[in-house]
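Descriptive analysis of the structure
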Amino acid sequence: MRLRRGKRQTAGERPDPGPATPGLAVELRGVRRLYGRGAGAVQALAGVDLALPRGTFTAIMGPSGSGKSTFLQCAAGLDRPSAGSVRLGGTEITGMSENELTELRRSRLGFVFQAFNLLPSLTVEQNVLLPLRLAGKRQDRRRAAAVLAQVGLADKARRRPAELSGGQQQRVAVARALVTAPDVVFADEPTGALDTGTAAEVLGLLRHAVDTAGATVVMVTHDPAAAAWADRVRFLADGSFAGGLDRGSAEQIAERMRVLTARTAGAGAMAGAGAAA
(Lines give C-alpha, C1' and ligand atoms only; values in the text may rest on other atoms or scores of the structure.)
Protein backbone atom coordinates (compact mmCIF):
# COMPACT_ATOMS: atom_id res chain seq x y z
CA MET A 1 0.00 0.00 0.00
CA ARG A 2 1.29 3.43 -0.93
CA LEU A 3 0.82 6.17 1.63
CA ARG A 4 0.35 9.67 0.32
CA ARG A 5 2.85 12.27 1.35
CA GLY A 6 1.65 14.32 4.30
CA LYS A 7 1.45 18.08 4.52
CA ARG A 8 4.76 19.79 3.93
CA GLN A 9 6.26 21.25 7.08
CA THR A 10 7.08 24.93 7.08
CA ALA A 11 10.74 25.96 6.99
CA GLY A 12 12.42 25.52 10.34
CA GLU A 13 9.53 23.60 11.86
CA ARG A 14 11.29 20.25 11.62
CA PRO A 15 14.86 19.33 10.64
CA ASP A 16 15.48 17.39 7.47
CA PRO A 17 15.41 13.76 8.69
CA GLY A 18 17.76 12.61 5.93
CA PRO A 19 17.59 9.21 4.25
CA ALA A 20 16.05 6.21 5.99
CA THR A 21 18.36 3.51 7.32
CA PRO A 22 17.68 0.14 5.65
CA GLY A 23 16.54 -2.74 7.86
CA LEU A 24 15.06 -0.61 10.64
CA ALA A 25 11.50 -1.05 11.85
CA VAL A 26 11.52 1.99 14.16
CA GLU A 27 13.79 5.02 13.86
CA LEU A 28 13.61 8.17 15.99
CA ARG A 29 15.98 11.08 15.42
CA GLY A 30 16.13 14.06 17.76
CA VAL A 31 12.55 13.57 18.95
CA ARG A 32 11.37 16.15 21.46
CA ARG A 33 7.92 16.55 23.00
CA LEU A 34 7.04 19.71 24.88
CA TYR A 35 3.71 20.19 26.64
CA GLY A 36 2.52 23.68 27.46
CA ARG A 37 4.21 27.02 26.88
CA GLY A 38 6.36 29.52 28.68
CA ALA A 39 7.60 29.00 32.22
CA GLY A 40 5.10 26.20 32.83
CA ALA A 41 6.17 24.10 29.85
CA VAL A 42 7.13 20.48 30.53
CA GLN A 43 9.63 18.65 28.32
CA ALA A 44 8.54 15.00 28.23
CA LEU A 45 11.10 13.95 25.61
CA ALA A 46 14.41 15.77 25.32
CA GLY A 47 15.93 14.78 21.98
CA VAL A 48 15.48 11.01 21.76
CA ASP A 49 17.46 8.95 19.23
CA LEU A 50 16.65 5.26 18.77
CA ALA A 51 17.05 2.73 15.96
CA LEU A 52 15.39 -0.70 16.24
CA PRO A 53 16.05 -3.40 13.62
CA ARG A 54 13.24 -5.47 12.16
CA GLY A 55 12.53 -8.76 13.87
CA THR A 56 13.58 -7.67 17.36
CA PHE A 57 11.89 -7.39 20.76
CA THR A 58 12.73 -4.20 22.68
CA ALA A 59 11.56 -3.22 26.16
CA ILE A 60 11.45 0.43 27.25
CA MET A 61 11.77 1.07 30.98
CA GLY A 62 12.28 4.05 33.26
CA PRO A 63 11.20 5.65 36.53
CA SER A 64 7.76 7.20 36.84
CA GLY A 65 7.63 10.39 34.79
CA SER A 66 10.63 9.43 32.65
CA GLY A 67 8.72 9.79 29.36
CA LYS A 68 7.89 6.13 28.60
CA SER A 69 4.27 6.73 27.62
CA THR A 70 5.14 9.83 25.60
CA PHE A 71 7.83 7.87 23.78
CA LEU A 72 5.39 5.14 22.81
CA GLN A 73 2.73 7.62 21.69
CA CYS A 74 5.19 9.53 19.49
CA ALA A 75 6.82 6.38 18.10
CA ALA A 76 3.41 4.87 17.21
CA GLY A 77 1.97 8.01 15.62
CA LEU A 78 -0.53 8.52 18.45
CA ASP A 79 1.00 11.89 19.32
CA ARG A 80 3.07 14.37 17.31
CA PRO A 81 6.60 15.27 18.39
CA SER A 82 7.38 18.94 18.92
CA ALA A 83 10.57 18.38 16.92
CA GLY A 84 12.49 15.56 15.30
CA SER A 85 11.77 12.65 12.98
CA VAL A 86 9.94 9.33 13.41
CA ARG A 87 10.07 6.57 10.81
CA LEU A 88 8.14 3.32 10.89
CA GLY A 89 9.13 0.64 8.41
CA GLY A 90 11.14 3.26 6.54
CA THR A 91 8.16 5.63 6.21
CA GLU A 92 8.54 9.14 7.62
CA ILE A 93 5.37 9.79 9.66
CA THR A 94 5.96 13.16 11.34
CA GLY A 95 4.52 15.13 8.42
CA MET A 96 1.48 12.93 7.84
CA SER A 97 -2.07 14.18 8.09
CA GLU A 98 -4.39 12.68 10.72
CA ASN A 99 -6.12 10.60 8.05
CA GLU A 100 -2.81 9.20 6.85
CA LEU A 101 -1.73 8.40 10.39
CA THR A 102 -5.02 6.61 11.02
CA GLU A 103 -4.54 4.59 7.84
CA LEU A 104 -1.00 3.67 8.83
CA ARG A 105 -2.01 2.58 12.34
CA ARG A 106 -4.81 0.40 10.99
CA SER A 107 -2.81 -1.34 8.29
CA ARG A 108 0.82 -1.40 9.43
CA LEU A 109 0.86 -1.29 13.23
CA GLY A 110 -0.45 -3.56 15.98
CA PHE A 111 -1.30 -2.52 19.53
CA VAL A 112 -1.58 -4.42 22.82
CA PHE A 113 -2.59 -2.39 25.88
CA GLN A 114 -2.93 -3.16 29.58
CA ALA A 115 -6.70 -2.84 29.18
CA PHE A 116 -7.61 -5.46 26.62
CA ASN A 117 -9.81 -3.03 24.62
CA LEU A 118 -12.02 -5.77 23.19
CA LEU A 119 -15.53 -4.92 22.02
CA PRO A 120 -17.92 -6.91 24.25
CA SER A 121 -20.66 -7.16 21.60
CA LEU A 122 -18.32 -8.89 19.10
CA THR A 123 -17.15 -12.48 19.11
CA VAL A 124 -13.49 -13.33 19.55
CA GLU A 125 -13.15 -13.86 15.81
CA GLN A 126 -14.84 -10.54 15.04
CA ASN A 127 -12.56 -8.72 17.49
CA VAL A 128 -9.50 -10.23 15.82
CA LEU A 129 -10.76 -9.26 12.36
CA LEU A 130 -11.62 -5.70 13.41
CA PRO A 131 -8.35 -4.11 12.13
CA LEU A 132 -8.97 -5.60 8.68
CA ARG A 133 -12.55 -4.36 8.74
CA LEU A 134 -11.53 -0.83 9.75
CA ALA A 135 -8.85 -0.78 7.05
CA GLY A 136 -11.43 -1.73 4.42
CA LYS A 137 -9.74 -5.05 3.70
CA ARG A 138 -11.28 -8.44 3.14
CA GLN A 139 -12.02 -10.10 6.48
CA ASP A 140 -9.99 -13.27 6.06
CA ARG A 141 -11.45 -15.82 8.47
CA ARG A 142 -8.66 -18.27 7.70
CA ARG A 143 -6.13 -15.66 8.79
CA ALA A 144 -8.13 -15.07 11.99
CA ALA A 145 -8.21 -18.82 12.65
CA ALA A 146 -4.44 -19.01 12.12
CA VAL A 147 -3.58 -16.27 14.61
CA LEU A 148 -6.09 -17.60 17.14
CA ALA A 149 -4.44 -21.00 16.86
CA GLN A 150 -1.08 -19.28 17.32
CA VAL A 151 -2.23 -17.85 20.68
CA GLY A 152 -3.91 -21.07 21.77
CA LEU A 153 -7.52 -19.99 21.30
CA ALA A 154 -8.56 -21.91 18.20
CA ASP A 155 -11.65 -23.21 20.00
CA LYS A 156 -12.78 -19.78 21.30
CA ALA A 157 -13.59 -18.01 18.01
CA ARG A 158 -17.35 -17.86 18.65
CA ARG A 159 -17.11 -16.85 22.30
CA ARG A 160 -17.53 -13.29 23.51
CA PRO A 161 -14.92 -11.51 25.66
CA ALA A 162 -17.01 -11.76 28.84
CA GLU A 163 -16.82 -15.56 28.57
CA LEU A 164 -13.01 -15.52 28.71
CA SER A 165 -10.50 -15.08 31.51
CA GLY A 166 -8.31 -11.98 31.63
CA GLY A 167 -5.37 -13.91 30.23
CA GLN A 168 -7.46 -15.27 27.38
CA GLN A 169 -8.73 -11.78 26.58
CA GLN A 170 -5.16 -10.51 26.36
CA ARG A 171 -4.34 -13.40 24.04
CA VAL A 172 -7.19 -12.22 21.80
CA ALA A 173 -5.64 -8.74 21.88
CA VAL A 174 -2.29 -10.22 20.80
CA ALA A 175 -4.00 -12.10 17.95
CA ARG A 176 -5.73 -8.88 16.88
CA ALA A 177 -2.37 -7.07 16.87
CA LEU A 178 -0.81 -9.75 14.67
CA VAL A 179 -3.64 -10.31 12.19
CA THR A 180 -2.43 -7.66 9.71
CA ALA A 181 1.22 -8.85 9.89
CA PRO A 182 2.20 -5.34 11.01
CA ASP A 183 5.55 -3.61 10.66
CA VAL A 184 5.63 -3.06 14.43
CA VAL A 185 3.61 -4.23 17.45
CA PHE A 186 3.54 -1.63 20.23
CA ALA A 187 2.72 -3.07 23.66
CA ASP A 188 1.94 -0.73 26.57
CA GLU A 189 2.19 -2.56 29.92
CA PRO A 190 0.61 -5.65 28.31
CA THR A 191 0.93 -7.77 31.47
CA GLY A 192 0.02 -5.09 34.02
CA ALA A 193 -3.42 -6.60 34.73
CA LEU A 194 -2.32 -10.25 34.69
CA ASP A 195 -0.97 -12.68 37.30
CA THR A 196 2.59 -13.91 36.99
CA GLY A 197 1.82 -17.17 35.23
CA THR A 198 -0.60 -15.66 32.74
CA ALA A 199 1.79 -12.78 32.09
CA ALA A 200 4.51 -15.25 31.15
CA GLU A 201 2.14 -16.91 28.66
CA VAL A 202 1.36 -13.58 26.96
CA LEU A 203 5.03 -12.56 26.87
CA GLY A 204 5.86 -15.95 25.42
CA LEU A 205 3.41 -15.25 22.58
CA LEU A 206 5.11 -11.94 21.78
CA ARG A 207 8.52 -13.63 21.95
CA HIS A 208 7.28 -16.39 19.63
CA ALA A 209 5.95 -13.82 17.13
CA VAL A 210 9.41 -12.26 16.96
CA ASP A 211 11.33 -15.52 16.75
CA THR A 212 9.15 -17.40 14.28
CA ALA A 213 7.22 -14.76 12.31
CA GLY A 214 9.83 -12.00 12.21
CA ALA A 215 7.59 -9.54 14.05
CA THR A 216 9.03 -6.41 15.66
CA VAL A 217 7.81 -5.70 19.20
CA VAL A 218 8.33 -2.51 21.21
CA MET A 219 7.06 -2.88 24.78
CA VAL A 220 6.80 -0.29 27.54
CA THR A 221 6.85 -1.96 30.95
CA HIS A 222 7.70 -1.32 34.60
CA ASP A 223 8.27 -5.03 35.30
CA PRO A 224 11.87 -6.36 35.10
CA ALA A 225 10.55 -9.92 34.71
CA ALA A 226 8.57 -8.84 31.63
CA ALA A 227 11.51 -6.89 30.21
CA ALA A 228 13.73 -9.97 30.51
CA TRP A 229 11.78 -11.55 27.64
CA ALA A 230 13.10 -8.87 25.29
CA ASP A 231 16.29 -8.91 23.22
CA ARG A 232 17.27 -5.56 24.66
CA VAL A 233 16.11 -3.07 27.27
CA ARG A 234 16.50 0.67 26.81
CA PHE A 235 16.19 2.90 29.87
CA LEU A 236 14.58 6.35 29.88
CA ALA A 237 15.27 9.04 32.48
CA ASP A 238 14.05 12.63 32.37
CA GLY A 239 13.03 12.31 28.73
CA SER A 240 16.32 10.91 27.42
CA PHE A 241 17.73 7.42 27.00
CA ALA A 242 20.18 6.55 29.75
CA GLY A 243 21.81 3.38 28.49
CA GLY A 244 20.62 -0.12 27.78
CA LEU A 245 21.07 -3.79 28.52
CA ASP A 246 21.07 -6.64 26.01
CA ARG A 247 19.69 -10.05 26.98
CA GLY A 248 19.65 -9.08 30.65
CA SER A 249 18.13 -11.20 33.41
CA ALA A 250 15.26 -9.90 35.53
CA GLU A 251 17.72 -9.40 38.40
CA GLN A 252 20.15 -7.41 36.24
CA ILE A 253 17.35 -5.25 34.87
CA ALA A 254 15.93 -4.63 38.35
CA GLU A 255 19.35 -3.55 39.63
CA ARG A 256 19.84 -1.18 36.69
CA MET A 257 16.40 0.31 37.39
CA ARG A 258 17.20 0.69 41.09
CA VAL A 259 20.37 2.64 40.32
CA LEU A 260 18.64 4.77 37.69
CA THR A 261 15.69 5.57 39.97
CA ALA A 262 18.00 6.53 42.84
CA ARG A 263 20.09 8.73 40.57
CA THR A 264 17.01 10.43 39.15
CA ALA A 265 15.58 11.01 42.63
CA GLY A 266 18.90 12.43 43.81
CA ALA A 267 19.12 14.81 40.87
CA GLY A 268 15.56 15.96 41.53
CA ALA A 269 16.30 16.62 45.18
CA MET A 270 19.39 18.68 44.29
CA ALA A 271 17.40 20.70 41.78
CA GLY A 272 14.72 21.36 44.35
CA ALA A 273 17.26 22.48 46.93
CA GLY A 274 18.87 24.80 44.40
CA ALA A 275 15.51 26.37 43.55
CA ALA A 276 14.73 26.85 47.24
CA ALA A 277 18.08 28.54 47.81
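What counts and what doesn't
- For every chain, the first residue of its written sequence is number 1, and the numbers climb from 1 along that sequence.
- Under the rules for a predicted model, residues below a pLDDT of 70 receive no local features and side-chain atom pairs below 80 are neither given nor counted, while totals for whole chains, interfaces and linings still include all residues.
- Hydrogens are left out, water is left out, and the side-chain values use all remaining heavy atoms of the structure.
- Salt bridge, as applied in this entry: a Lys or Arg side-chain nitrogen positioned within 4 Å of an Asp or Glu carboxyl oxygen.
- Comment: elements are numbered from the N terminus, with helices defined as DSSP H or I runs of at least four residues and strands as E runs of at least two.
- Each residue is assigned to one of three classes by its accessible area relative to the maximum for its type, calculated with a 1.4 Å probe on protein chains only: buried under 20%, partly exposed between the two thresholds, exposed over 50%.
- Strands pair, by our definition, only if DSSP identifies at least two bridges between them.
- Here an angle of 0 to 180 degrees is reported between the N-to-C directions of two axes, which are lines fitted to C-alpha atoms, with helices fitted over the stretch in contact.
- What sets the label is the angle itself: under 35 degrees gives roughly parallel, over 145 gives roughly antiparallel, 65 to 115 gives roughly perpendicular, and the rest give oblique.
- It is the rotation of the near helix from the far one that decides the hand of a crossing: anticlockwise by less than a right angle makes it left-handed, clockwise makes it right-handed.
- Whether two residues touch is decided by their heavy atoms; if any such pair falls within 4.5 Å, the residues are in contact.
- All residues other than Ala, Val, Leu, Ile, Met, Phe, Trp, Tyr, Cys, Pro, Asp, Glu, Lys and Arg, Gly among them, are scored as polar; the first ten of these are nonpolar and the last four charged.
- Two aromatic rings, drawn from Phe, Tyr or Trp (for Trp, its six-membered ring), form a pair once their centres lie within 6.5 Å of each other, and the interplanar angle then sorts them: stacked below 30 degrees, edge-to-face above 60, tilted otherwise.
- To qualify as a nonpolar core, a set must consist of buried Ala, Val, Leu, Ile, Met, Phe, Trp, Tyr and Cys residues joined through side-chain atoms within 4.5 Å.

**A word on the pattern of salt bridges**
Taken as a whole, this structure holds 13 salt bridges when the rule is applied. Put simply, Asp-231 and Arg-247 hold a salt bridge, and the shortest N to O gap is 2.8 Å. Note that Asp-231 is positioned in the loop between α7 (224–227) and β9 (232–237) and Arg-247 in the loop between β10 (240–246) and α8 (250–276), a separation of 16 residues in sequence. Classification of Asp-231 by relative accessible area gives buried; the value is 10%.

**Here we look at the sheet that holds strand β1 (residues 24–35)**
In space, the four strands of this open sheet follow the order β2-β1-β4-β5, with antiparallel pairing throughout. Strands with a single pairing partner mark the edges of an open sheet, and in this sheet they are β2 (42–53) and β5 (91–92).

**What to know about the packing of helix α5 (residues 166–178) against helix α6 (residues 196–213)**
Contact geometry of α5 with α6 gives a least axis separation of 9 Å together with a crossing angle of 15°. Comparing their axes, α6 and α5 come out roughly parallel. Crossing of α5 over α6 shows right-handed handedness. Between α5 and α6, the residues in contact are Gly-167, Gln-170, Arg-171, Val-174 and Leu-178 and Thr-198, Glu-201, Val-202, Leu-205, Leu-206 and Ala-209, respectively. Its residues assigned to classes, the contact of α5 with α6 comprises six nonpolar, three polar and two charged.

**Observations concerning the packing of aromatic side chains**
Per the counting criterion, the structure on display carries three aromatic pairs. For the pair Phe-71 and Phe-241, a centre-to-centre distance of 5.8 Å together with 80° between the ring planes defines the contact as edge-to-face. Taken together, the residues span a long stretch of sequence, with Phe-71 in helix α1 (residues 68–75) and Phe-241 in strand β10 at a distance of 170 residues. Taking 6.1 Å as the distance between ring centres and 25° as the angle between the ring planes, the aromatic pair formed by Phe-111 and Phe-186 counts as stacked. Here Phe-186 lies in strand β7 (residues 184–188) and Phe-111 lies in strand β6 (residues 109–113), a separation of 75 residues in the sequence. Judged by relative accessible area, which is 15%, Phe-111 ranks as buried. Owing to a relative accessible area of 1%, Phe-186 belongs among the buried residues under this scheme.

**Considerations on the environment of Gly-244**
Among the structural elements, Gly-244 can be located in strand β10. Along the primary structure Gly-244 and Arg-234 are separated by ten residues, whereas in three dimensions their C-alpha atoms are 4.3 Å apart. If we skip the residues at most four places from it in the chain, Gly-244 touches Val-233, Arg-234, Phe-235 and Arg-256.

**Structural notes on the nonpolar core**
Val-128, Leu-148, Val-174 and Phe-235 are the most contacted members of the largest nonpolar core, which has 47 residues in total. With seven residues, α6 is the single largest residue contributor to this core. Excluding its chain neighbours within four sequence positions, the residues that come into contact with Phe-235 are Met-61, Ser-240, Phe-241, Ala-242, Gly-243, Gly-244, Leu-245, Ile-253, Arg-256, Met-257 and Leu-260. Ala-76, Ile-93, Phe-186 and Val-218 belong to the second largest nonpolar core, which has 27 residues in total.

**With respect to the pairing of β7**
Burial within β7 is extensive, with four of its five residues counted as buried. In the sheet, β6 pairs with β7 via five bridges, with the strands oriented parallel. Among the inter-strand pairings, Val-112 is bridged to a residue of β7, identified as Ala-187. As paired strands, β7 and strand β8 (residues 217–220) are joined by four bridges and run parallel to one another. Looking across to β8, one finds that Phe-186 is bridged to Val-218.

Don't take any of this as a statement about function, it's just geometry.
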